[in-house]
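Each chain, letter by letter, is given below.
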Amino acid sequence: MDLASAKVIGAGLAAIGVGAAAAGVGYVFGSFLQSALRNPAAADSQQGRLFIGFAAAELLGLMAFAIAMIILYAFKG
Amino acid sequence: MAAGDIDPMHQFKIEPIFGSFNGGHNPFVFTNSALWTLIVLGAIWFFMFGGMRRELIPGRWQVAVEGLIGFVDDMVHASIGPEGKKYLPWVFTAFIFLLFANLMGNMPFGIVAKAHPFTVTSQFTFTGVMSLISFAIVLGVGFWKHGLHFFSLFVPSGVHWIGKVLLFPIEFVSFMVRPFSLGLRPFIAMFAGHILLDIFGNFVVQGLQASGSGILISILCFLFVAFISALELLVAAIQAYVFAILTSLYINDAVNLH
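These numbers were taken from a predicted model, which means no experiment stands behind them. (Residues numbered from 1 in each chain as written. Chains lettered and ligands numbered in written order. Predicted model: local features only at pLDDT ≥ 70, side-chain atom pairs only at ≥ 80, totals over all residues.)

**Student:** Looking at this model, I keep getting lost on the overall build of chain A. Mind explaining?
**Tutor:** Looking only at helices and strands, one finds four helices and zero strands in chain A. For 77 residues, the compact-globule formula gives about 11 Å, and the C-alpha radius of gyration of chain A, at 18 Å, lies well above that figure. Principal axes of the C-alpha set define a box for chain A whose edges measure 60 × 15 × 10 Å. In chain A, 92% of the contacts between residues at least 6 apart in sequence involve partners at least 24 apart. (Helix = DSSP H or I, 4+ residues; strand = E, 2+ residues; numbered from the N terminus. Rg over C-alpha atoms; globule rule 2.2 N^0.38 Å. Contact = placed C-beta atoms within 7 Å.)

**Student:** Explanation requested: the overall build of chain B in the structure shown.
**Tutor:** Each helix and strand in chain B was counted, giving seven helices and zero strands. Element order for chain B, N to C, with α for helix and β for strand: α-α-α-α-α-α-α. With respect to the three principal axes, the spread of C-alpha positions in chain B is 70 × 55 × 50 Å. Counting every position in chain B, which comprises 258 residues, the buried fraction comes to 25%. (Buried ≥ 20, exposed ≤ 12 C-beta atoms within 10 Å, placed from the backbone.)

**Student:** Explain the interface of chain A and chain B to me, please; I cannot follow it from the model alone.
**Tutor:** Interfaces are often sized by the accessible area lost when the parts come together. Residue-level contacts link nine residues of chain A with 14 residues of chain B. Considered class by class, the residues forming the side of chain A that touches chain B number eight nonpolar, one polar and no charged. (Nonpolar A, V, L, I, M, F, W, Y, C, P; charged D, E, K, R; others polar.)

**Student:** I'm lost on the nonpolar core in this one. Help?
**Tutor:** As a rule of thumb, nonpolar side chains are buried together in soluble globular proteins. Within the largest apolar cluster, 34 residues are counted, with the highest numbers of intra-cluster contacts made by Ala94, Phe95, Leu98, Phe243 and Ala244 of chain B. Contributing elements (two or more residues each) for this core: α4 (47-74) of chain A together with α2 (60-80), α3 (88-105), α4 (124-146) and α7 (214-256) of chain B. Once you skip the residues sitting within four places of it in the chain, Ala244 of chain B turns out to touch Val72, Met75, Val91, Ala94 and Phe95 of chain B. Counting residues in each nonpolar core, the second largest holds 10 residues, with Leu62 and Phe65 of chain A together with Ala189 and Phe191 of chain B among its members. (Core = buried A, V, L, I, M, F, W, Y, C linked by C-beta atoms within 7 Å.)

**Student:** I keep staring at helix α6 (residues 178-209) of chain B and nothing clicks. Help me out?
**Tutor:** The periodicity of an α-helix, 3.6 residues per turn, causes residues three or four positions apart to be oriented the same way. Here α6 of chain B contains 32 residues, and its C-alpha end-to-end distance of 47 Å stays within 8% of the 46 Å for a straight helix at 1.5 Å per residue. The sharpest bend along α6 of chain B measures roughly 25° and falls at Leu184 of chain B, with the proline Pro186 of chain B sitting one to four residues further on. (Expected span 1.5 Å × (residues − 1). Bend = angle between axes of the 7 residues up to and from the residue.)

**Student:** What am I meant to see in the confidence of the model for chain B here?
**Tutor:** For any part of a model where pLDDT is low, the fine detail of the predicted coordinates should not be relied upon. Per-residue pLDDT for chain B has a mean of 85; in total, 91% of the residues score no lower than 70. Interface confidence in the predicted complex, given as ipTM, is 0.71; pTM for the same model is 0.84. (pLDDT = per-residue confidence, 0-100.)

**Student:** Sorry if this is basic, but what is going on with helix α1 (residues 3-14) of chain A here?
**Tutor:** In a regular helix each residue adds 1.5 Å, so 12 residues correspond to 16 Å; α1 of chain A covers 16 Å between its end C-alpha atoms and thus fits that length. Buried residues are scarce in α1 of chain A, accounting for zero of its 12 residues.

**Student:** What should I look at first to understand the packing of α3 of chain B against α7 of chain B in this one?
**Tutor:** Packed helices, taken two at a time, are described by the angle between their axes plus the distance between the axes. All names here are of chain B. The contact between α3 and α7 brings their axes to 9 Å, and the two run at 165°. When the axis of α3 is compared with that of α7, the two are roughly antiparallel. Seen along the crossing, α3 lies across α7 with a hand that is right-handed. Residues Val91, Ala94, Phe95, Leu98, Leu99, Asn102 and Leu103 of α3 lie in contact with α7, whose contacting residues are Leu233, Ala236, Ala237, Gln239, Ala240, Phe243, Ala244, Thr247 and Ser248. Residue composition of the contact of α3 with α7, by class: 12 nonpolar, four polar and no charged. (Axes fitted to C-alpha atoms, helices over the stretch in contact; angles between N-to-C directions. Parallel < 35°, antiparallel > 145°, perpendicular 65-115°, else oblique. Left-handed = near helix turned anticlockwise from the far one by under 90°.)

**Student:** In this structure, what is going on with the environment of Ile6 of chain B? I would like to understand it.
**Tutor:** Topologically, Ile6 of chain B is positioned in the segment before α1 (32-50). When residues no more than four places from it in sequence are discounted, the contact partners of Ile6 of chain B are Ile199 and Asn202 of chain B.

**Student:** Hey, could you run me through the packing of α1 of chain A against α4 of chain A in this one?
**Tutor:** All names here are of chain A. Contact geometry for α1 and α4: axes closest at 8 Å, N-to-C directions at 175°. The angle between the axes of α1 and α4 places the two elements in the roughly antiparallel class. Between α1 and α4, the contacting residues are Lys7, Gly10, Ala11 and Ala14 on the first element and Ala64, Ile67, Ala68, Ile71 and Leu72 on the second.

**Student:** Mind showing me how you'd approach the confidence of the model for chain A here?
**Tutor:** Residues at a pLDDT of 70 or more form 97% of chain A, whose mean pLDDT is 86. Element-level pLDDT for chain A is lowest in α4 of chain A, with a mean of 81, against a maximum mean of 92 in helix α2 (residues 16-38) of chain A.

**Student:** Which parts of the structure should I look at to understand the environment of Leu234 of chain B?
**Tutor:** Tracing the sequence through the fold places Leu234 of chain B in helix α7. Measuring from C-alpha to C-alpha, the distance between Leu234 of chain B and Leu103 of chain B comes to 9.3 Å, with 131 residues separating the pair along the chain.

Printed below as a string of structure tokens:
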């Protein structure tokens, strides 16, 4: 396999991580909604924690994207 | 690059503008990034000073400005407590700068030739320096208030000493990676969104140029670009909010030490 095709395949594999992060972000908001509907009075005070969880899950997906971009554009083999 | 190829990285290129500055080996060149930073700064000043007339019965503009400040103030107060008032200036500055830079980078000025908006927050140099400032505030406040006791941040209380030995390196690494992750987040969110917009915008044009069913692809891609643009506005606001809330939580760690 030549390097150009290996790069494209590697970038595609790195993009799988973005899908995994999508599952994580969905889980964060899903669990928040589930518990917020059970106790709506306490929901507003937990919004900061909601966004921390969202940010942590999202960051890992963004890192997968960054790796795909590094493989595609920054890596001159 | 061949004529049909898409080059999504071109939009992030920092290049000197107003060529007269570019003579010789002058290291201080006025770039498009600098121009758009100034435009963002001007927009922030326009927005803030327009709403600071302190009328007894506030108009719409003053309500908007006061609402924005009150929103950040509530957030800082909720995460740091009564001592948080001291740190409001930096948190609000970071919030409003990220918000305006992200939103103004999304504006469709590209219709006018040579007026392509440059998203200053799509460069890690910008967001990285902002996160380093936040981290420096955390370190400074922590060591100023608590001295060497600040290191107890890395040792969870109520754990057996074997657990402490094991947890210390993990806590330390997770603390040291904060400035990196804090700056990376707004940068990559803007970067990824603009690449997506660029690629699908190119698909619209290429679909129009192609024969046969290309027009159908073109219409679908245009709808997708419209949807993603709306999503980008949401992401721009969320990233500014996340940066502000994480900064105030990190400062809370330094002020209150668990």
